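Architecture and fold: a report
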Amino acid sequence: MGRDKPGNILNLWPPPLKALRALGVDTEDLGSPTDTEFRNLRGVRAHVKQDPETRRAYGGGFIGLLRPELYERMLAAIPPDTLRFNQHVTHIEQNEQTVTLHFADGATAEHDVLVGADGIDSLVRRTLWGDTPKREHRLHIFGGSTFTDVPGTEPNMSVLTHSRTVQGSWTTIRHKGRDGFQWWVLTATDPDAPAPSDFKAAATMLAAEFPAPLPGLIAQTERDNVQRWVLRDRPRLKQWSKGRSTLVGDAAHPTSPYAAYGTGMSIEDGYFLGRALRGVNLTDLAAVQNALQSYEDPRKPHTARQVQQAWILGKVFHHTPAPLRPVRDFILDHTPLLQKAAGDTNPREIQKQLALIQD
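Residues numbered from 1 in each chain as written. Predicted model: local features only at pLDDT ≥ 70, side-chain atom pairs only at ≥ 80, totals over all residues. Heavy atoms only, no water.

Things to note about the overall build of the protein
Tallying secondary structure elements over the protein gives ten helices and 15 strands in all. Scaling as 2.2 N^0.38, a compact globule of 359 residues should have a C-alpha radius of gyration of about 21 Å, and the protein matches this with 21 Å. Across the 359 residues of the protein, 49% fall into the buried class. Taking the contacts inside the protein whose residues are at least 6 apart along the sequence as the reference set, 76% of them involve residues at least 24 apart. Working note: accessible area of the protein is about 17,000 Å², and carbon and sulfur atoms make up 54% of it. (Helix = DSSP H or I, 4+ residues; strand = E, 2+ residues; numbered from the N terminus. Rg over C-alpha atoms; globule rule 2.2 N^0.38 Å. Buried < 20%, exposed > 50% of the residue type's maximum accessible area, 1.4 Å probe, protein only. Contact = heavy atoms within 4.5 Å. Areas by Shrake-Rupley, 256 points an atom, 1.4 Å probe, with all protein chains shown as cover.)

Dropping the structure here:
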């Protein structure tokens, strides 16, 4: 895979871990188990309260890891010669009998079912439902990872800290037996403005007001191991499937990192889609359509809620007008609102999703 890049930073909740296990993926010693806290610059605002049995089975709330090891383990669970690489699809056609992929080199391939897992700029989504404009969150994030310990770190922790305008966060990670840390800083931006020339310098400046260990983690991260993302999503689709084709992951429901659930929801989509198609006669169009609908119907409310919650949190923490920020922070610091919304409700949603996934 080569050297890990910062785009590989990742957290997973328990439901996608359970889905991975059910799909035959080895999750032993995958990532660092963490407890999750929301903080201000002075102390704790909320603690994510996990069910004790869930903590024992999945290591608390998040696990922190880097993407390459997850992808390697997922690939290891797939039979050899299943995947074809370096194939560029230019357009797609489907009829009652088959779906046809047309490749840039002139070749074609016919299949019974097409699953669009091709991200926020999905060709499959455009083919099925036309193009829709992206929704700009007017936010950007700088992130990276390091395996150097610095003062102020705590074992098995995920700490999400907010100042008046910036989120500065870090979690422990585990990657191929090594313990380390990932970090990110997130703030408002003009998505049309030029990107900063030095991502590490921009992250360092944003993190200057935050307590240890965040500034130290950024300082210990190699300059070329810092990356930037501009946050966007797309409007919710009322329908994902058409004919013999459907969507999963960011092709169906792109979301911002504020949900901390983009990769997790994609994994869950794959599990539920596989379960819906299991045993189905794929030559029977009506049977395929019924299976695809049975997959997407329960998924749409859950994913739409996560995407919209991520959008709202970004607005609350980074786009509240300056005169209202002290009021917002007073409410978050001195009422149980954040604890109820993030610390209590989130674990209940996790339990619901866990109950839907069969071992």
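A look at the pairing of strand β8 (residues 108–111)
The two faces of a sheet get side chains in turn, since along a regular strand they alternate between them. Of the strand pairs in this sheet, strand β7 (residues 99–103) and β8 are connected by four bridges, and their pairing is antiparallel. Pairing of Thr-100 across the sheet is with Glu-110, part of β8. Connecting β7 to the antiparallel partner β8 that follows it, the hairpin turn spans four residues, and Gly-106 within it adopts a positive phi of roughly 95 degrees. (Pairing = 2+ DSSP bridges.)

A word on helix α3 (residues 67–76)
Buried residues of α3: Pro-68, Glu-69, Leu-70 and Arg-73, and no others. Where α3 is buried, its residues contact β1 (9–12), α1 (14–22), β5 (63–66), β12 (167–175) and α7 (262–277).

Some details on the sheet that holds β7
An order of β6-β7-β8 is seen for the three strands of this open sheet, with the pairing classed as antiparallel. With partners counted over all chains shown, the strands left at the sheet margins are β6 (89–94) and β8, one partner each. On average, each strand axis in the sheet is tilted by 20 degrees relative to the strand beside it, whichever way the strands run. (Axes fitted to C-alpha atoms, helices over the stretch in contact; angles between N-to-C directions.)

Looking at the packing of aromatic side chains
If you walk through the whole model with that rule in mind, you get six aromatic pairs. When the ring of Trp-13 is compared with that of Phe-62, the centres are 4.4 Å apart and the planes differ by 45 degrees; the resulting orientation is tilted. Here Phe-62 lies in the loop between α2 (52–58) and β5 and Trp-13 lies in the loop between β1 and α1, a separation of 49 residues in the sequence. Across the pair, exposure class does not vary: Trp-13 and Phe-62 are buried alike. For Arg-178, the ring lying beneath its charged end belongs to Phe-147, and the centroid distance is 4.0 Å. The ring of Trp-129 has Lys-242 sitting right over it, with the charged end atom 4.2 Å from the ring centre. (Phe/Tyr/Trp six-rings, centres within 6.5 Å; stacked < 30°, edge-to-face > 60°. Lys NZ or Arg CZ within 6 Å of the ring centre and 35° of its normal.)

Focus on the side chain of Gln-353
Positionally, Gln-353 belongs in helix α10 (residues 337–356). When sequence neighbours within four positions are dropped, the list of residues in contact with Gln-353 reads Pro-15, Tyr-261, Glu-268, Arg-299 and His-302.

A word on the sheet that holds β5
The antiparallel open sheet is built from three strands, whose spatial order is β1-β5-β2. Among the strands making up the open sheet, the edge pair consists of β1 and β2 (32–33). With four bridges connecting them, β1 and β5 associate as antiparallel partners. Bridged to Leu-10 within β5 is Leu-65.

Let's talk about the pattern of salt bridges
In the structure shown here, the tally under the stated rule is 26 salt bridges. The partner of Asp-121 in a salt bridge is Arg-234, with the nearest N and O atoms 3.1 Å apart. In this pair, Asp-121 is assigned in the loop between β9 (114–116) and α4 (123–129) and Arg-234 in the loop between β14 (226–233) and β15 (245–247), connecting sequence segments 113 residues apart. Take Asp-121: its relative accessible area is 43%, and that puts it in the partly exposed class. Across the pair Asp-297 and Lys-300 runs a salt bridge, and its minimum N-O distance is 3.6 Å. Taken as a pair, Asp-297 and Lys-300 lie in helix α8 (residues 285–318) at a separation of three residues, close to a single helical turn. Under the relative-accessibility criterion, Lys-300 is labelled buried at 16%. (Salt bridge = Lys/Arg side-chain N within 4 Å of Asp/Glu carboxyl O.)

As for a nonpolar patch on the surface
Where nonpolar side chains cluster on the molecular surface, the patch consists of Leu-324, Val-327, Phe-330, Ile-331 and Leu-337 and spans about 460 Å² of accessible area. In terms of residue count, the dominant contributor to the nonpolar patch is helix α9 (residues 325–334) (three residues). (Patch = residues over 30% accessible without salt bridge, like charges linked within 9 Å, V, L, I, M, F, W, Y side chains within 5 Å.)

As for empty space enclosed by the protein
Considering all chains together, one arrives at one cavity of 30 Å³ or more under this definition. Around the largest cavity sit Ile-120, Asp-121, Ser-122, Arg-125, Arg-126, Gly-130, Asp-131, Thr-132 and Arg-234, which together line it. Of the residues in the lining of the largest cavity, the class split is one nonpolar, three polar and five charged. (1 Å grid on protein atoms, 1.4 Å probe; cavity = no way out; pocket = protein on both sides within 12 Å on 5 of 7 lines; lining within 4 Å. Points joined across faces, edges and corners; volume = space filled by probe spheres on them. Nonpolar A, V, L, I, M, F, W, Y, C, P; charged D, E, K, R; others polar.)

Some points on the side chain of Thr-146
Residue position: Thr-146 is located in strand β10 (residues 135–146). You can call Thr-146 buried: its relative accessible area is 5%. At 3.5 Å, the side chain of Thr-146 and the backbone oxygen of Gln-220 are in polar contact. (Polar contact = N/O pair within 3.5 Å; in protein donor to acceptor, adjacent residues only side chain to side chain.)

With respect to helix α5 (residues 199–207)
Burial in α5 covers these residues: Lys-200, Ala-202, Ala-203, Leu-206 and Ala-207. Buried residues along α5 cover an arc of 160 degrees about the axis, so they all sit on one side. Elements that come into contact with the buried residues of α5 comprise β10, β13 (178–188), α6 (214–219) and β14. (Arc of directions from axis to C-beta.)

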